[in-house]
Amino acid sequence: MHRLCTLMISGNTGKGRHFFMYERKSLDKKLRAKRNHRGGLLLAVLLIAAIAAGIPSFTSIMVFAAAESSAVEAVTEPKHREGKIVSDKKLNPRELAVRKMTKHGPALIVVDAGHGGVDDGCLGGGLLEKDINLQIALLVREKLEKKGFQVMMPRETDEYLAIEERVELANSYQADAFISIHQNTYEGSDKSVCGIETWYDGADSTRDNEKLAKLVHQEALKSTGANPRELWDIADYCVTNKTLMPACLIETGFLSNPEEGRNLSTKAYQERLAEGITEGIMLYFAS
Ligand SMILES: [Zn+2]
């Protein structure tokens, strides 16, 4: 993320006047062009004023440096909340409630597809957890965006991303909720074990993890008719415990169960799961 740059300026009013300016951190092209434009104008005005008034240009330069820094900061600030903004006109009253509940316009949801790249997650029936997670997460994003939410996905392709990086992304974007999507597997010989489990950090009372987890769990069960397994309040995962916003981790089924595994690999069942998860998030913000 591009942040405030530091300008180093020097000058003297000896025999000639010269100025050196460089930046320590790079800014993107658009920002740099804006900054140079504003900086150039400011420098010209201050220089002329300094010469006319006979004030040593060093004073002017210090004023310029301060003005320049705040201009750059003001330009970089909106990047912190980049995201898709959907027109108010398309939203129904219930969807509009989503916006009223948050300070920054539409709530920003992080949809985290577990594992990826070299990390396959669990396996079963020729399926890789990382693939099912991503397919469901992409559907959840599509549905949330249709409802007017902003969505950020730490990974959108089959790539490896450390869990710490996912958490850092969510925290730096000041997201309003975090959902991590995973699949389960039963290590024993019983292939009949199946259903949905959801995890949250019940020890952290500063975030409303329980409400989010309960609603996502409840709605995913309702939309799929899957076997209701536990809603665990003892999650000890980085994504549930180190995030600064309400967070939960849903395991949408068991790849070790042949029937559930088959379901999880179909678009129709994934759609139902995504609808349930989206509805849970809607209810969280609307109630
Ligand atoms: Zn997993």
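Read on for a plain summary of the structure. (Residues numbered from 1 in each chain as written. Predicted model: local features only at pLDDT ≥ 70, side-chain atom pairs only at ≥ 80, totals over all residues. Heavy atoms only, no water.)

Right, let's get into helix α4 (residues 129-146). Here α4 spans 26 Å end to end across 18 residues, near enough to the 26 Å set by a 1.5 Å rise per residue. Within the sequence span of α4, burial applies to E129, K130, I132, N133, L134, I136, A137, L139, V140, K143, L144 and E145. Phi turns positive one or two residues past the end of α4, at G148, with a value near 100 degrees. (Helix = DSSP H or I, 4+ residues; strand = E, 2+ residues; numbered from the N terminus. Expected span 1.5 Å × (residues − 1). Buried < 20%, exposed > 50% of the residue type's maximum accessible area, 1.4 Å probe, protein only.)

Moving on to the packing of α4 against helix α9 (residues 267-286). It is the contact of α4 with α9, at a shortest axis distance of 8 Å, that shows an interaxial angle of 50 degrees. Overall, the two elements α4 and α9 adopt an arrangement that is oblique. Crossing handedness for the pair α4 and α9: right-handed. Facing α4, whose interface residues are I132, Q135, I136, L139, V140, K143 and L144, α9 presents K267, Q270, E271, L273, A274, E275, I277, T278 and I281. When its residues are assigned to classes, the contact of α4 with α9 shows nine nonpolar, three polar and four charged. (Axes fitted to C-alpha atoms, helices over the stretch in contact; angles between N-to-C directions. Parallel < 35°, antiparallel > 145°, perpendicular 65-115°, else oblique. Left-handed = near helix turned anticlockwise from the far one by under 90°. Contact = heavy atoms within 4.5 Å. Nonpolar A, V, L, I, M, F, W, Y, C, P; charged D, E, K, R; others polar.)

Attention now moves to the coordination of the zinc ion. Of the protein atoms, only H115 (NE2), E129 (OE) and H182 (ND1) coordinate the zinc ion, at distances of 2.1 to 2.2 Å. If you list the donors of the zinc ion from N- to C-terminus, the spacing comes out as H-x13-E-x52-H. One end of the pair, E129, is in helix α4; the other, H182, is in strand β7 (residues 177-184), and 53 residues separate them in sequence. Considered together, E129 and H182 belong to a single accessibility category, that of buried residues. (Donors = N, O, S within 2.8 Å, 3.2 Å for Na, K, Ca; no water.)

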